[in-house]
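# Residue-level structure breakdown
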Amino acid sequence: MESHMRRREFIQGGAGLVVGGALLGTGCGVGEKKASKAAVTKVVPAKIDGDLLIFNWTEYMNPGLIKSFAKHYGVKVRQANFDSMPSMMAKLRSGNEYDLIFPTADYVNRLVKANMLLQLDRDKLSNAGSIYSFFDDPWYDGGSAHTVPYAMYTTGIAWRDDRVEGITGSWNDLTNESAKGKIFMLDDFQEAIGQANLLNGFDLNATDPASLEKTKATLEHQKTFLRGYSTNAAPNMLSGDAWIHHAWNGDLVNVRNQAKKNPEVFKFETCKEGIPVGSDCMAIPSNAKHPGTALLFIDWMLDPEHASKNITWFGYPMPITGSEEAFAKLAKNDPAIEVSTEDLANGSQFKELAPDERKAWDRVWTEVKA
Amino acid sequence: VTGAFWRRFLVPGALWLVLFFAVPFGITIAISLGSPTELGGVLYGFEPANYADALDPLFAPVLLRSVTYAAATAAICLLVGYPVAYCIARYGGRYKNALIAAVLLPFLTNYLVRTYAWVALLADEGLVNRLAGERIGFLNTPWAVIGGLVYGYLGYMILPIYAALERMDPALIEAGKDLYGSPRQTFWHVTWPQTLPGVLAGIVLVFLPAVGDFISAQLLGGPDTYMIGNLIQQQFYGADNWPFGSALTVVLMAFLMVFMVFYLRGSEARREALG
């Protein structure tokens, strides 16, 4: 298996194997257990209060930084992995206790509403000043009371310059004739419906029936050009199966790091109809056993030097002053993989959908795939 | 020794069934009657609408596709597995156990990991295509999905057939030959009927998990290989709709139960016929 399997790339299907176990283990615990307000606002000093249990995407943090943290503070650090936000939520809902989690922005919104995140006092973080001020009051977490931003990402199209002709900088490149049958779409219903919404000139998060009807037609047309749906962009591109791949910006860094020859033939573009951008966070669940150690670890990651090491390793920009150079090196030849706070401000972000809106999107996805 | 003594040995098996089947299935039914919350959790209640949704004709082609793939898988497994079981049972000699162990060996590795290996092997610039010297467009087709299923479940076909062949008295074959049966006639009139229970058990053991499989279609499949397992998985880990996913699961199980009933009644009838 490739050594650099990244967030969401690791098969979401693997999670399915856990469904049975989760059902069993939780008994009837899949129902809602909202934490109390008091559990959320307790004051936690940033000092070691035990070993650390991190819950993160696979291969989404430089393991060297974990090792150096453990050594510096003399604690043990363990890491558990999830492969999708719903699977992370399922584990949290069933009462598992993690000290530090990495939710995406739209899920932060939900976690805050459910009182599942501890309030973070930024004054206790010595490196808090390095966080971009853009994140002082983000849409998903008023006043940044519960979260510290981790990484920024964007969705676009990766392609092989030595195989494909006529790339136009549009989502229409997913129906490029010269690559017909060698095109993959992300196997992620949000990303798939999102790009089709943008291509039709709708809002990224459009859920009204008229828009979704058109978006469904777009997806059905795109399907005739596809070889498959997959989130394994890097292996698909490296194995020659994909010439064009709907992908995240970090995927390209990943592909190039692994390409044995001619890494420069792999290119990435963001599309003119609109660019889905996103960010994720570090946060401490309200039932964390060792929130003090977790705070120290967050502070550790905010150190510009540590952030730089992390960026070089995982390929995504972090909103931390002093870490820009590390990402600039990665993006030297590919400005398209850059994500700035302006992109976050101007680009489209996936919003949290209400259950019936989610259902409408899922319906479109099923109709396209069935 | 009384019957009561022997009945005690039923306890572990029964406990196992209750703990790992009855209880989870009860939870699944309870969830299937709930509704999803904003957090992606489950609000328990009585919401039969999930079942009305699950019976939507939209899913008919997905179910039909799953059944077709699973039937093809069972058929290929039988064609491949029977000769293998036959050779091991009849000609394995003192290597029998080693050969059966070899059949089981791949199961020590996770099915998911083994399927990933196929993705790498069959890729356009992968080992198989390089050895073939030309691009065989195998990956991301229905055939790749069925191939993955055959690979994943072949063992479940070989073992019961092997067991049936082992149980069979070899003298019966001798008797068939003594009565001037050609090898082919002896096989069809003696060996095949004797091993039919094993064959049917193998078909059930392969068919049932293959219908609900989602890994093969997700990793080896193309745009038109969506199976019922993928649909259910999407409800759990994409759409955050556990109640609907559970309702689909229950409907699928009810559907598969029909196959089981036919199988059980068939084997019961055979047992009675054999006296």
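Everything below is about the structure shown above.
Summarised in this report is the structure supplied together with it. A quick note: this is a predicted structure, and the numbers were derived from the prediction, not measured.

### Notes on the interface of chain B and chain A
Between chain B and chain A, the residue contacts involve 51 residues of the former and 57 residues of the latter. Overall, the association of chain B and chain A removes approximately 4500 Å² of surface from exposure, summing both partners, and the carbon and sulfur fraction of that is 59%. At the boundary of chain B with chain A, the tally comes to nine salt bridges. The closest approach of N and O atoms between K182(A) and D124(B), which form a salt bridge, is 2.4 Å.

### Remarks on the packing of helix α5 (residues 96-104) of chain B against helix α8 (residues 142-167) of chain B
Packed helix pairs are characterised by how far apart their axes lie and by the angle those axes make with each other. Residue and element names in this part refer to chain B. Two elements in contact, α5 and α8, have axes separated by 10 Å at closest approach and are oriented at 160°. Classified by the angle their axes make, α5 and α8 are roughly antiparallel. Between α5 and α8 lies a crossing of left-handed hand. Of the residues in α8, those in contact with K96, I100, V103 and L104 of α5 are G155, I158, L159, Y162 and E166. Here the residues of the contact of α5 with α8 are counted per class, giving six nonpolar, one polar and two charged.

### Looking at the pairing of strand β4 (residues 147-160) of chain A
All names here are of chain A. Where burial is concerned, most of β4 is hidden: 14 out of the 14 residues are buried. Pairing geometry for β4 and strand β9 (residues 277-283), over seven bridges, is antiparallel. Among the inter-strand pairings, A151 is bridged to a residue of β9, identified as D280. In this sheet, strand β8 (residues 266-269) lies alongside β4 in antiparallel orientation, the contact comprising four bridges. Bridge pairing in β8 links R160 to F266.

### Overview of a nonpolar patch on the surface
All names here are of chain B. Side chains of L121, L127, V128, L131, I136, F138 and W143 sit close together on the surface and give an oily, nonpolar patch of about 660 Å² of accessible area. Here the nonpolar patch gets three residues from one element, more than from any other, and that element is helix α7 (residues 127-132). Within the secondary structure, L131 sits in helix α7. L131 sits in the exposed class, given a relative accessible area of 70%.

### A look at helix α10 (residues 291-302) of chain A
Residues and elements named next belong to chain A. The terminal C-alpha atoms of α10, which comprises twelve residues, lie 17 Å apart, in line with the 16 Å expected from a rise of 1.5 Å per residue. Most of α10 sits inside the fold, with twelve of its twelve residues counted as buried. Close packing links the buried residues of α10 with β1 (52-57), α3 (63-73), β3 (100-101), β4, β9 and α11 (304-314).

### A few points about the pattern of salt bridges
Across all of its chains, the model carries 20 salt bridges over all chains by this definition. For E125(B), the salt bridge is made with R160(A), and the minimal N-O distance between the two is 3.5 Å. Separated into two different chains, E125(B) in the loop between α6 (111-122) and α7 and R160(A) in strand β4 make up a pair that spans both. Across the pair E125(B) and R163(A) runs a salt bridge, and its minimum N-O distance is 3.7 Å. With E125(B) in the loop between α6 and α7 and R163(A) in the loop between β4 and β5 (183-185), the pair connects residues from two separate chains. In the salt-bridge network here, residues are joined through shared partners; they are R160(A), D162(A), R163(A) and E125(B).

### Some remarks on unusual backbone geometry
Residue and element names in this part refer to chain B. With a phi angle near 65°, Y180 is a residue other than glycine that sits in the positive phi range. Within the fold, Y180 resides in the loop between α9 (170-178) and α10 (183-212). For Y180, a relative accessible area of 76% corresponds to the exposed category.

Calculation notes
Residues numbered from 1 in each chain as written. Chains lettered and ligands numbered in written order. Predicted model: local features only at pLDDT ≥ 70, side-chain atom pairs only at ≥ 80, totals over all residues. Heavy atoms only, no water. Contact = heavy atoms within 4.5 Å. Buried area = accessible area lost by both parts, 1.4 Å probe. Salt bridge = Lys/Arg side-chain N within 4 Å of Asp/Glu carboxyl O. Axes fitted to C-alpha atoms, helices over the stretch in contact; angles between N-to-C directions. Helix = DSSP H or I, 4+ residues; strand = E, 2+ residues; numbered from the N terminus. Parallel < 35°, antiparallel > 145°, perpendicular 65-115°, else oblique. Left-handed = near helix turned anticlockwise from the far one by under 90°. Nonpolar A, V, L, I, M, F, W, Y, C, P; charged D, E, K, R; others polar. Buried < 20%, exposed > 50% of the residue type's maximum accessible area, 1.4 Å probe, protein only. Pairing = 2+ DSSP bridges. Patch = residues over 30% accessible without salt bridge, like charges linked within 9 Å, V, L, I, M, F, W, Y side chains within 5 Å. Areas by Shrake-Rupley, 256 points an atom, 1.4 Å probe, with all protein chains shown as cover. Expected span 1.5 Å × (residues − 1).

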